[in-house]
Structure formats: C-alpha cells, structure tokens
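Listed below, chain by chain, are the residues.
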Amino acid sequence: MNSSICHFLRPCLRKGVKPTARAAHARFFVAVQRQLSTPSQRAPLTTTDKERLWKLQEDGGLEDYYPRLDSKTRGSPVSTKSFAERYAGLAANEVNKDETCTVYGRVSSYRFAGSRLVFFDLRDGQTTVQGFCNFGVLKKAGVPQDQWDRFKRLLRRGDWFSITGHPTRTSAGELSILAAQIPQTISLALHQIPPGLDPETRARHRHVDLIVNEKAGDTLRLRHHIEKYLCNFLDDRDFVKVNTPLLTAGAGGAVARPFETKATELADTTLNLRIAPELWLKRLVVGNMGRVYELGPAFRNEGVDATHNPEFTILEFYMPFANLEDLIEMTEDMFRGLAETVRSLVQSSLTSLPPLDTDFQPPFKRLEFIPSLNAAIQSTHPSLALPNLASSTAHSDLLALFTALHLLIPAGATLPRLLDALCAHYLEPQCTAPTFITHPPAALSPLSKSFLDPVTGQLVAARAELFVARREFVNCYEEENSPFAQRAKLEAQLAFRRTDGEGDGRSGVDEAYLEALEWGLPPTGGWGLGIERTVMLFAGQKRIGDVLSFGTLRNVAALGAGKGREKRREGPRGAGGEREAMADSNWTTRDFRVVGTGARDTDDKGSA
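A quick note: this is a predicted structure, and the numbers were derived from the prediction, not measured.

A. Main features of the sheet that holds strand 18 (residues 463-468). Ordered in space as 8-12-13-20-19-18-15-14, the eight strands form an open sheet in which the pairing is mixed. Each edge of the open sheet is held by one strand with a lone partner, namely strand 8 (240-241) and strand 14 (365-368). With five bridges joining them, strand 19 (residues 471-478) and strand 20 (residues 524-530) adopt antiparallel strand pairing. Pairing of asparagine 475 across the sheet is with glycine 528, part of strand 20. Lying on the sheet, helix 10 (residues 278-286) is in contact with strand 12 (292-299), strand 13 (311-320), strand 19 and strand 20; it crosses strand 13 at an angle near 25 degrees. Against the sheet, helix 11 (residues 324-348) touches strand 13, strand 14, strand 15 (435-438), strand 18, strand 19 and strand 20, its axis set at about 145 degrees to strand 19.

So, in structure tokens, the structure goes:
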C-alpha cells in the first residue's frame, strides 16, 4: 500500500484510536477486507467502467440508477412491440399530443445531432423504438441545462432506460417517441457491450450472448413457438395435458442409465430421476384418462455431445384405439403444419434464422427395416442377408454377417445392438428427407406389440421411427397391452442388459407396471418426440447447446460452481488516491457500496 492509502485507513488500523465516521472510509475498508479474505472468480470491471461508476456515484449515488417504477409520474406503460403496432399509422412529422406513454428498453444505439437533439434506439425483445429528445421542447417543460448535459453524459449502449412522451414520426419516417421529460435510467449495464463473442464466451455467458447475437434469442423464441404449436396440435385433438413424477424408485420406459439420489424422508430408498414418462402415462390410460400427453424434462446419465445432453425435454402422447398407421399419418400432419408455422415466423419476426429448406409435404418416404436392410446388403454382397432372428444361432449368425461385411462389431454385442448398428450403417444414411423406418425386429422394441411379418417370416414390432437429415426425431408404436407378453419381453430385455451393461436402474422386471397392465390397457398408440432435436432442425442449429437456455450440462455446472467469470486485462491505471488503488486490484460491484439508505448492511434475511 502507498502512503496515501495508509493515511486513508489509519483510523481503522491503529488500536485505541476512535474511527472516523466517514462513509467512504468504511466502504473502502470493507472492499479491501473482502478482497483479501475471499478469492474471487468474478470478472473485474475494466478501468473505463470503474471510472464511469465513480463519476455516477459522485453525481449523487448509484441507487438513483436502479429506481422503482413510479406509476404516478409515468404515462401509460407500453412495450416496444405494442408501441410499434399501435402507432404504425402516424404520418411523417405528425405528433400525437393527446396521448402520453412510457416505453422501456435497452439502449442499442444513440446519436447526437448538434447540442440540442439526441436520438437513441430502445430495444425490448425483438422490437426497436426510437427515442427522440429535443432540448428545445424539454426546456419549455422546465428541464434545466445541467440536467440535459448530465443525460447526454450518462447515455450509453447497453443501459436500460424509460422514456415518457408523445408518439410521433420524424420527417425521415422513423416511428419515435418524443420525450416530454428527461429519459430515466432504470438499470445500468456495468460492462460495455462487445461487438462479438468467441464460442467459449458465448457458452459460458449466455446472457451476454443473448444481448449480442440476435440469432441466439430468435432460437429460444422459436422453441417457444414450436412447443406452443405442439401443445395446441394435441389440445385440438382432445388430448389432456398431464404431469407425471420426475422422482421415482426405479426409472423405466427406456434403455438408459439413470441419475440416482436420496430423499430425507426415504433414506433407505435409492431414487431415480425419470428417463422417460412412458410408464406413468400408460397408467393414466389404464385409469380411463383417455388421450393424454406430457411435455416435460427427462434425465439420462450419459454423455454430452453435439446432439445429446443429460437433461432434455420430451413430448410423449398416448392415444387409445390408435394403430401404427394412425400414428404415422398424425406425425405427417403435425410436421407439415409445424413447417408452415416456422416458415411464417422466419419470414415475419424471427428473421435472423435461416429459411427452412426441408420438404415436409406428406406422404413421407418409408423404409421397412428387414426388406430395406437386406436390399442394402445385397447391393454389394448379393449372397448375404439377415439370418432367422428367432433361431438359437441368431446371435452367432449376425456376428458372422458382420465379419463377412467387414463391419466393426460394437461393444457389448447383443442381438439388439448388432441390429441397431446395421440400421445405422445401411438405413439411416438413406433418410435425408423425412423418412419412416418401420417394423424393426421385435428384439429392438420390448414395450411394443409384435407380429410375424408374412413376407419375411420374421417377428417384427409394430413400430415406426421418423428420421430427418439422418437423425431420429419421432419414435411411435402400438403399445404392448398384454401383461403376459410384456413380462416375457421385459425378461428377455434383462438378459440382453446383463451383456451390454445398459439399464434403467432395475435388477428385475417392473412388477408395479405389470400389475397396472392387469387392470386392462386398451389398444393404445404411443408416440415420443425430442424437443431439442426438433428445435435444432427447424432453427438450423448444429449444437444442442444452442437450443438450451443455458447450454449443455457442462456449462450449467460451471455456472453453478461460480466459474462463469474470467479475469480481464486492465486498462491504464487510474490517477491517484482511491482510484489508483481501485485500478490496482480486482474490483467488482461489491466494492461500490450503496450507503445512506437506512438499510442494514447484510445480505442475510432475518439474521441477527
């Protein structure tokens, strides 16, 4: 510390000396104390930002820039979107002095025209409204020169402002609000808005990404519209939206590794986050709820990559008395309408998103699993084909087929894994346009009904999967409603799991679900869709993190652990005294204390 700082702190450093009552001393001492005692990962303010804060504080206190909204002094509050729609009919140079309103928004740009005119753009969401300040008008309303000069010094890109005045349209045709009083700061952006962000910063500082990149916000808005469309689609067909448990003892409905946790009230029971809502929803159908659907989260304790995240959103519906053909036609109708909705949004409001170039006009292409797979294999190896999958040698025969085709054998090579690998190699590459892969071997679908295919003689599932651009989007099938057949299929699945290591957290079959089936599940069609992949497809995004509000689990975990901030390189050192000391350390907003408000100096509610 230099001598000036030691002199500044002397009343607090020597015992027996009565401390002075200066607020600045106390603020500075508390700041240094915190800095030395708690290592901080928070990004310090730049020198320019800190200089601005000191000037604002010297002008009267930082609390003035975070006011409550006063309904007595403002006009009728209007969003930027409503303002633009309501006053779209104003002519050039027309001022509607009969109406006074208040518009709020973040300053996206500002311009000075001489010393008496200020123009600035306020943006709230997707819509921008121009604020127009004429000092000649404001002076007649009683605004003094020093207040006008202070407003011009304060105005900065990124801050939130309110402007109260009259709707007008400038001579250049720009819809604006003519200020009737000095615009008011309602929240400061303590950091300067950058012109662009690198990928790592975009992921770790999602809130900044949304400010800087219009496409990031448009993607999340498109997700909202997609979810809204899907819910409306089902609501219009008499489905009932329900919520089922996220925490349960044992996670069924899919093949995946679940997350495990404990509850205070059930200390001896291992709980799982659900991997799918399927078994719960089918219980509701058993209970006479009829058509039901759920849009909600699911969790799978697996890897993170461009198209997978351990936490994701799934839409599932269950429709009594629907067969596979009903489900396929319903899917085609849904995606056709969704594509029309997205195209309209991209053309009208979500203009930063790329146009949708995929044709979703029904009927979609279909590939029947076994005949299409045999055709693909025989195009290069005419003498080879799938073996009889019901035979006792089916597994060894499939391994021999892999060897003959010079294909890599997957780890934990069970019958389902081998069949899935063949599908990924031969069938999925054919699915660039919307394509259903239908009737897979029964071993791949333990929860669906199965039947003997009259053409191939193989036991297949009454199931279809929709692929677009080589990725799976929809999985639908006729539900197995016989408790006897379902038990046999679950037991066969457990045998496969002991080999491949996959599982849903259960060591045996789900007896509770089988007991529910004993009460009678009507013939039912079940359907599931991954929301994130769907948004990626329609928004033209390549990474799942771009369609999640705060990115993948890696980014969310880093933010939760307080690792979202990185240190910045400081600018030129401040000039002397308190400011020089400030520039020498990693100061943050904690170092600017709001005092003199009568509030207790604590962050703990209700503490002594």
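B. Structural context of the pairing of strand 13. Across the 10 residues that make up strand 13, a large majority, nine, are buried. Inspection of the sheet shows strand 13 paired to strand 20 by seven bridges, in the antiparallel sense. Directly across from glutamate 316, in strand 20, lies its bridge partner glycine 528.

C. Geometry of the nonpolar core. Leu222, Leu234, Leu315, Phe317, Phe360, Leu529 and Phe538 are the most contacted members of the largest nonpolar core, which totals 48 residues. Going through the elements one at a time, helix 9 (214-235), strand 12, strand 13, helix 11, strand 18, strand 19, strand 20 and helix 17 (531-539) are the ones with two or more residues in this core. Residue contributions to this core peak at 11 residues, all from helix 11. Sequence-distant contacts of leucine 234, defined by excluding residues within four places in its chain, comprise Phe239, Tyr293, Leu315, Phe317, Met330 and Met334.

D. Main features of the pattern of salt bridges. Scanning all chains against the criterion turns up 22 salt bridges. A salt bridge links arginine 463 to glutamate 465; the nearest nitrogen and oxygen atoms lie 3.1 Å apart. Assigned by exposure class, arginine 463 and glutamate 465 land together as buried. Between glutamate 511 and arginine 487 there is a salt bridge, and its shortest N-O distance comes to 2.9 Å. Remark: arginine 487 occurs in helix 15 (residues 483-500) and glutamate 511 occurs in helix 16 (residues 511-517); sequence separation between them is 24 residues. In this structure, a network of salt bridges that share partners links the residues Arg237, Asp333, Arg336 and Glu340.

E. Main features of the packing of aromatic side chains. Across all of its chains, the model carries 16 aromatic pairs by this definition. Ring geometry for phenylalanine 360 against phenylalanine 538: centres 5.4 Å apart, planes inclined by 25 degrees, an arrangement best described as stacked. On the criterion of sequence distance, the pair formed by phenylalanine 360 in the loop between helix 11 and strand 14 and phenylalanine 538 in helix 17 is long-range, its members being 178 residues apart. Since its relative accessible area comes to 2%, phenylalanine 360 is described here as buried. Here the aromatic residues Phe120, Phe135, Trp148, Phe151 and Phe161 are joined through ring pairs into a cluster of three or more. One cation-aromatic arrangement involves arginine 237 over phenylalanine 233; the distance from NZ or CZ to the ring centre is 3.5 Å. Above the ring of tryptophan 280, the side-chain terminus of arginine 283 is found at 5.0 Å from the ring centroid.

F. Quick look at the packing of helix 13 (residues 394-405) against helix 14 (residues 415-427). Following both chains from N to C, one finds helix 13 and helix 14 inclined at 30 degrees, their axes separated by 10 Å at the closest point. It follows from the interaxial angle that helix 13 and helix 14 lie roughly parallel. The two elements helix 13 and helix 14 meet at a crossing, and its hand is left-handed. Where helix 13 abuts helix 14, its residues Ala394, His395, Leu398, Leu399, Leu401, Phe402 and Leu405 lie against Leu415, Leu418, Leu419, Ala421, Leu422 and Tyr426. Of the residues contributing to the contact of helix 13 with helix 14, the split by class is 12 nonpolar, one polar and no charged.

G. A look at the sheet that holds strand 10 (residues 260-263). A sheet is described by the order of its strands in space; here three strands give the open sequence 9-11-10, paired in antiparallel fashion. The open sheet has two free edges, formed respectively by strand 9 (247-248) and strand 10, since each of these has just one partner strand. As defined by bridge partners, strand 10 adjoins strand 11 (residues 266-273) across three bridges and the pair is classed as antiparallel. Note that in strand 11 the partner of glutamate 260 across the bridge is asparagine 272.

H. Here's a closer look at the packing of helix 9 against helix 17. Look at helix 9 against helix 17: their axes get within 10 Å of each other, and the N-to-C directions meet at 120 degrees. Judged on the interaxial angle alone, helix 17 and helix 9 are oblique. Along this stretch, helix 9 crosses helix 17, giving a crossing that reads as right-handed. Note on element contacts: helix 17 touches helix 9 through Ile531, Glu532, Thr534, Val535, Phe538 and Ala539, opposite Lys215, Thr219, Leu222, Arg223, Ile226, Glu227 and Leu230.

I. Local environment of the confidence of the model for the protein chain. Mean pLDDT over the protein chain works out to 86, with 82% of the residues at or above the 70 mark. Overall, residues 1-21 carries pLDDT values under 50, and its contacts beyond four positions in sequence, including any with other chains, amount to 18 contacts. Low confidence marks residues 566-587, where pLDDT is under 50. Its contacts with residues over four positions away, or in another chain, come to 53 contacts.

J. Region of interest: the state of the cysteines. Evaluation of the coordinates by the stated rule reveals zero disulfides. Free cysteine: cysteine 431, not disulfide-bonded; nearest cysteine sulfur from cysteine 423 at 7.3 Å.

K. A look at the side chain of threonine 313. In this fold, threonine 313 is placed in strand 13. A distance of 2.9 Å separates polar atoms of two side chains, one belonging to threonine 313 and the other to arginine 223. Apart from the residues lying within four places of it in its own chain, the contact partners of threonine 313 are Arg223, Leu295, Gly296, Pro297, Leu529, Gly530, Ile531 and Glu532.

L. Region of the structure containing helix 17. Of all nine residues that make up helix 17, eight are buried, and the element is covered over most of its length. Listing the buried residues of helix 17 in full gives Ile531, Glu532, Thr534, Val535, Met536, Leu537, Phe538 and Ala539.

M. Examining a nonpolar patch on the surface more closely. Where nonpolar side chains cluster on the molecular surface, the patch consists of Phe550, Leu553, Val556 and Leu559 and spans about 320 Å² of accessible area. If you trace the backbone, leucine 559 turns up in helix 18 (residues 553-560).

Conventions adopted
Residues numbered from 1 in each chain as written. Predicted model: local features only at pLDDT ≥ 70, side-chain atom pairs only at ≥ 80, totals over all residues. Heavy atoms only, no water. Pairing = 2+ DSSP bridges. Helix = DSSP H or I, 4+ residues; strand = E, 2+ residues; numbered from the N terminus. Contact = heavy atoms within 4.5 Å. Axes fitted to C-alpha atoms, helices over the stretch in contact; angles between N-to-C directions. Buried < 20%, exposed > 50% of the residue type's maximum accessible area, 1.4 Å probe, protein only. Core = buried A, V, L, I, M, F, W, Y, C linked by side-chain atoms within 4.5 Å. Salt bridge = Lys/Arg side-chain N within 4 Å of Asp/Glu carboxyl O. Phe/Tyr/Trp six-rings, centres within 6.5 Å; stacked < 30°, edge-to-face > 60°. Lys NZ or Arg CZ within 6 Å of the ring centre and 35° of its normal. Parallel < 35°, antiparallel > 145°, perpendicular 65-115°, else oblique. Left-handed = near helix turned anticlockwise from the far one by under 90°. Nonpolar A, V, L, I, M, F, W, Y, C, P; charged D, E, K, R; others polar. pLDDT = per-residue confidence, 0-100. Disulfide = S-S within 2.5 Å. Polar contact = N/O pair within 3.5 Å; in protein donor to acceptor, adjacent residues only side chain to side chain. Patch = residues over 30% accessible without salt bridge, like charges linked within 9 Å, V, L, I, M, F, W, Y side chains within 5 Å. Areas by Shrake-Rupley, 256 points an atom, 1.4 Å probe, with all protein chains shown as cover.

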